[in-house]
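Residues per chain are reported as follows:
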Amino acid sequence: FGFCDNENDVYKYQSSEYDVIRLDECTHFTGTMYDYLRTRIRGANEFPKQTKCSTNPGNVGHQYFKARFIDIAPPMTTYTQVNKRTGKESTRLFIPSRVYDNTFLMEKDPEYVERLEELEDENTKRALLDGSWDLYEGQFFPEFERSVHVVDYMPPRTPDWRIYFTMDYGLDMFAGYFIAVDNHEYGYVLSEIYEPNVIISEAAKMIKARQRELGIKKVDEYL
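A short tour of the structure in this document, coming up. All values derive from a computational prediction rather than experimental measurement. (Residues numbered from 1 in each chain as written. Predicted model: local features only at pLDDT ≥ 70, side-chain atom pairs only at ≥ 80, totals over all residues. Heavy atoms only, no water.)

1. Things to note about the environment of M167
Put simply, the rule is: Helix and strand assignments come from DSSP, with helices taken as H or I runs of at least 4 residues and strands as E runs of at least 2, each series counted from the N terminus.
Position of M167 among the secondary structure elements: in strand β5 (residues 162–168). It is 6.3 Å that separates the C-alpha atoms of M167 and Y177, two residues lying 10 residues apart in sequence.

Below is the structure:
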């Protein structure tokens, strides 16, 4: 067992060697801390080298671990990354779990769910009760829920669908979305542009290029 209370604590492990590192409540660590601790996974033996983490959503490392494990692939799907220099593969896997999956807790303390449902803070409630990672302070659509608003299949687009392009331009970050709206007023995000340090003339070129890639001849409205 070891501790890592702040980012400078990682250097206490500078000369260490581990085959496996396990982090409990890993979102309490920053991405910097996690990345450095992973450099301590090394050794001349043939034992498989691994990092294993368990955590609830939220806290300082939420966005880092969400990007690293949640956003890259669907749950229970192995994501494979190839090292450009060595050609070797590394894998990641996100195994989701909700409070209801804790059969021992549900059997011995079923009222725990009721106590979670009474929480006034919606983000904390969704994190602990539903295991939701789609939590952002100040987000415009706090009701967003991946199981409701993300679909595996989009119906074939027909010519009578309306196409919109909506964007928020800034030199620090340019975000743009092509959105198709069907005859039932359901909107589907067709494509996303999300790039930093793009001047406005280059942003315009990116929009037009993406429009050609999508085969969109006419955009009904730019927002």
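2. Looking at the sheet that holds β5
Stated formally: When DSSP finds at least two bridges between two strands, those strands are taken to pair. The contact criterion used throughout is that any non-hydrogen atoms of two residues lie within 4.5 Å. All axes here are fitted lines through C-alpha atoms, helices being fitted over the stretch that makes contact, and every angle between N-to-C directions spans 0 to 180 degrees.
Strand order across the open sheet formed by four strands is β7-β6-β5-β8, with mixed pairing between neighbours. Edge strands, defined here as strands with exactly one partner in the open sheet, are β7 (187–195) and β8 (221–222). Relative to β8, β5 is paired through two bridges, and the arrangement is parallel. Considered in β8, the bridge of F165 is made with Y222. Packing against the sheet, helix α7 (residues 200–213) makes contact with β5, β6 (174–181), β7 and β8, and its axis sits at approximately 140° to β7.

3. Thoughts on the packing of helix α1 (residues 31–38) against helix α2 (residues 62–70)
Selection rule: Roughly parallel means an angle under 35 degrees; roughly antiparallel, over 145; roughly perpendicular, 65 to 115; everything else is oblique.
As a packed pair, α1 and α2 sit with axes 9 Å apart at the nearest point and diverge in direction by 55°. It follows from the interaxial angle that α1 and α2 lie oblique. Only Y64, F65, R68 and F69 of α2 make contact with α1, whose side of the interface consists of G31, Y34, D35 and R38.

4. Here's the deal with the environment of D101
For clarity, the cut-off: Residue burial is assigned from relative accessible area. The probe radius is 1.4 Å, only protein chains are included, and a residue is buried under 20% of its type maximum, exposed over 50%, and partly exposed in between. Here a polar contact is recorded for every N or O atom pair within 3.5 Å, except that within protein the pair must consist of a potential hydrogen donor and a potential acceptor, and residues adjacent in sequence are included only if both atoms are side-chain atoms.
Residue position: D101 is located in the loop between β4 (89–92) and α3 (103–108). The class for D101 is partly exposed, based on a relative accessible area of 48%. Sequence separation of D101 and T91 is 10 residues, and the distance between their C-alpha atoms is 25 Å. Among the polar contacts made by the side chain of D101, one reaches the main-chain amide nitrogen of R98 at a distance of 2.8 Å.

5. Notes on the nonpolar core
Defined as follows: Each nonpolar core is a collection of buried residues, namely Ala, Val, Leu, Ile, Met, Phe, Trp, Tyr and Cys, held together in the definition by side-chain atoms within 4.5 Å.
Residues C4, V10, L23, L37 and F65 are the most contacted members of the largest nonpolar core, which totals 17 residues. Elements with a contribution of two residues or more to this core: β1 (20–24), α1 and α2. In terms of residue count, the dominant contributor to this core is α1 (four residues). If we ignore the near neighbours within four places in the chain, the residues touching F65 are C26, T27, F29, Y34, I70 and W133.

6. Describing the layout of surface pockets
The method is simple in principle: a probe with the dimensions of a water molecule rolls over the atoms, and the space it marks as empty is what remains. For the record, the criterion: Put plainly, a pocket is an open set of points on a 1 Å grid over the protein atoms alone with protein on both sides within 12 Å along at least five of seven lines, a cavity is a set where a 1.4 Å probe fits but cannot get out, and a lining residue has an atom within 4 Å of a point. Grid points are joined across faces, edges and corners, and a volume is the space filled by probe spheres set on the points. Polar here means any residue outside two lists: the nonpolar Ala, Val, Leu, Ile, Met, Phe, Trp, Tyr, Cys and Pro, and the charged Asp, Glu, Lys and Arg; Gly therefore counts as polar.
Quantified by volume, the second largest pocket comes out at close to 390 Å³. Along its surface, the second largest pocket is lined by 13 residues, and F1, G2, Y13, I21 and R22 are the ones closest to its centre. It is β1 that provides the largest number of residues to the lining of the second largest pocket, a total of five residues. For the lining of the second largest pocket, the class distribution of residues is 10 nonpolar, one polar and two charged.

7. Some points on a nonpolar patch on the surface
The cut-off we apply is this: Patches were defined on residues exceeding 30% relative accessible area and lacking a salt bridge, with like-charge contacts within 9 Å and nonpolar side-chain contacts (Val, Leu, Ile, Met, Phe, Trp, Tyr) within 5 Å. Accessible surface is estimated by sampling points in the Shrake-Rupley manner with a 1.4 Å probe; for residues, cover comes only from the protein chains shown. Whenever a carboxyl oxygen of Asp or Glu lies within 4 Å of a side-chain nitrogen of Lys or Arg, that contact is scored as a salt bridge.
On the surface, M167, Y169, L171, I199 and I200 cluster together into a nonpolar patch covering about 480 Å² of accessible area. Position of L171 relative to the elements: it lies in the loop between β5 and β6. A relative accessible area of 47% means that L171 is categorised as partly exposed.

8. Brief notes about the pattern of salt bridges
What the rule picks out here adds up to 10 salt bridges. Note that R98 is salt-bridged to D130, the shortest N-O span being 3.2 Å. With R98 in the loop between β4 and α3 and D130 in helix α5 (residues 122–130), this residue pair connects regions lying 32 residues apart in the sequence. Judged by relative accessible area, which is 30%, D130 ranks as partly exposed. Salt bridges sharing common partners tie together K66, D71 and D134.

9. Here we look at the pairing of β4
One ladder, built from four bridges, connects strand β3 (residues 79–82) with β4; its direction is antiparallel. From the neighbouring strand, Y79 faces β4, where its bridge partner is R92. Linking two consecutive strands that pair antiparallel, namely β3 and β4, is a turn of six residues; a positive phi of about 80° is found at G87 within it.

10. Some thoughts on α2
Those residues of α2 not exposed but buried are H62, F65, K66, R68, F69 and I70. Close packing links the buried residues of α2 with α1, β4 and α6 (146–149).

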